[in-house]
Amino acid sequence: MNSKTSPAPMVDLGIADDDRKQIVEGLSRLLADSYTLYLKTHQYHWNVTGPMFQTLHTMFMTLYNEQWLAVDLIAERIRALGELAPGSYQQFASLTSITPASGTPNAKEMIRDLMEGQATVVRTARALFSVAEKANDQPTCDLLTQRMQTHEKYAWMLRSLLED
């Protein structure tokens, strides 16, 4: 058998195969949501206008830089669990819960849209947490906790910008 075409052997991580596959499916949805939110945030960073331009331009850059680092962590967790991470626009579009940006909304609509996107990522992570916890998958639980904490914080910051 040619070693270049044969799959690498699975490593027994102590997670049942069915649980591992369910966790990978959830992480793939989290990756798709995170990447879609990254793209939307970056688009808004480029195209925001109005009296809050400087504040939002800088804030959106902070958000998309954090999201860019997060997608790598999520994809690497999928790989550590022995599966391939989705990585194409087509795969992400079929997995994400976030509606991609269309057009160029005004600044207030951008804030509201990104706030909702942050909350969506939290819900996606939270839905997977109980599966990972039941499987005794502490590294995934830790990753999910970090993602929920970060996205809850950013949802709060964005929501604060919408208050009068």
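Predicted model, so just to flag it, every value in this text is computed and none were measured.

Concerning the overall build of the chain
Within the chain one finds five helices and zero strands. Reading the helices (α) and strands (β) of the chain from amino to carboxyl end gives α-α-α-α-α. With the C-alpha coordinates of the chain rotated into their principal frame, the extents come out at 65 × 35 × 20 Å. Looking at the chain as a whole, 43% of its 164 residues are labelled buried.

Here we look at the layout of surface pockets
For the largest pocket, the calculated volume is near 160 Å³. With five residues, helix α1 (residues 17-47) is the single largest residue contributor to the lining of the largest pocket. Residues of the lining of the largest pocket, tallied by class, amount to seven nonpolar, three polar and one charged.

Overview of unusual backbone geometry
Phi at Asn136 takes a positive value of approximately 65°, unusual for a residue other than glycine. Here Asn136 shows up in the loop between α4 (107-134) and α5 (138-162). Relative accessible area serves as the criterion here: at 53%, Asn136 is assigned to the exposed category.

Some thoughts on the packing of aromatic side chains
All chains considered together, the criterion is met by five aromatic pairs. Ring geometry for Tyr35 and Tyr38: centres 5.6 Å apart, planes at 45°, overall tilted. Residue Tyr35 and its partner Tyr38 are both found in helix α1; the two are separated by three residues, about one turn of the helix. For the pair Tyr35 and Tyr38, a shared accessibility class is recorded, and that class is buried. Summarising the aromatic geometry, the rings of Tyr35 and Trp68 are spaced 6.5 Å apart at their centres and angled 50° between planes, so their arrangement reads as tilted. Placement of Tyr35 in helix α1 and of Trp68 in helix α2 (residues 53-80) is noted, with a sequence separation of 33 residues between them. The class of Trp68 is partly exposed, set by a relative accessible area of 44%.

Focus on the pattern of salt bridges
Scanning all chains against the criterion turns up seven salt bridges. With its nearest N and O atoms 2.4 Å apart, the salt bridge here joins Asp17 to Arg20. With a gap of three residues between them, Asp17 and Arg20 both fall in helix α1, about one helical turn apart. A relative accessible area of 6% means that Arg20 is categorised as buried. Close ionic contact of Asp113 with Lys40 constitutes a salt bridge, the shortest N to O distance being 3.0 Å. Note that Asp113 is positioned in helix α4 and Lys40 in helix α1, a separation of 73 residues in sequence. Three or more residues are tied together by salt bridges with common partners; here these are Asp17, Arg20, Lys21 and Glu83.

Quick look at α4
Residues spaced three or four apart along an α-helix point in a common direction, a consequence of the helix completing one turn every 3.6 residues. With 28 residues, α4 should cover 40 Å at 1.5 Å per step; its first-to-last C-alpha distance of 42 Å lies within 8% of that length. Of all the bends in α4, the greatest, near 25°, is centred on Leu128. Asn136, located one to two residues past α4, shows a positive phi value of around 65°.

Some details on the side chain of His151
Looking at the element boundaries, His151 is found in helix α5. Residue contacts for His151: discarding those within four places in its chain leaves Leu37, Gln67, Gln118, Val121 and Val122.

Brief notes about the packing of α1 against α4
The contact between α1 and α4 brings their axes to 10 Å, and the two run at 165°. The pairing of α1 with α4 is recorded here as roughly antiparallel in orientation. For the pair α1 and α4, the crossing hand works out as left-handed. For the contact of α1 with α4, a count of residues per class yields 12 nonpolar, nine polar and six charged.

Scoring rules and cut-offs
Residues numbered from 1 in each chain as written. Predicted model: local features only at pLDDT ≥ 70, side-chain atom pairs only at ≥ 80, totals over all residues. Heavy atoms only, no water. Helix = DSSP H or I, 4+ residues; strand = E, 2+ residues; numbered from the N terminus. Buried < 20%, exposed > 50% of the residue type's maximum accessible area, 1.4 Å probe, protein only. 1 Å grid on protein atoms, 1.4 Å probe; cavity = no way out; pocket = protein on both sides within 12 Å on 5 of 7 lines; lining within 4 Å. Points joined across faces, edges and corners; volume = space filled by probe spheres on them. Nonpolar A, V, L, I, M, F, W, Y, C, P; charged D, E, K, R; others polar. Phe/Tyr/Trp six-rings, centres within 6.5 Å; stacked < 30°, edge-to-face > 60°. Salt bridge = Lys/Arg side-chain N within 4 Å of Asp/Glu carboxyl O. Expected span 1.5 Å × (residues − 1). Bend = angle between axes of the 7 residues up to and from the residue. Contact = heavy atoms within 4.5 Å. Axes fitted to C-alpha atoms, helices over the stretch in contact; angles between N-to-C directions. Parallel < 35°, antiparallel > 145°, perpendicular 65-115°, else oblique. Left-handed = near helix turned anticlockwise from the far one by under 90°.

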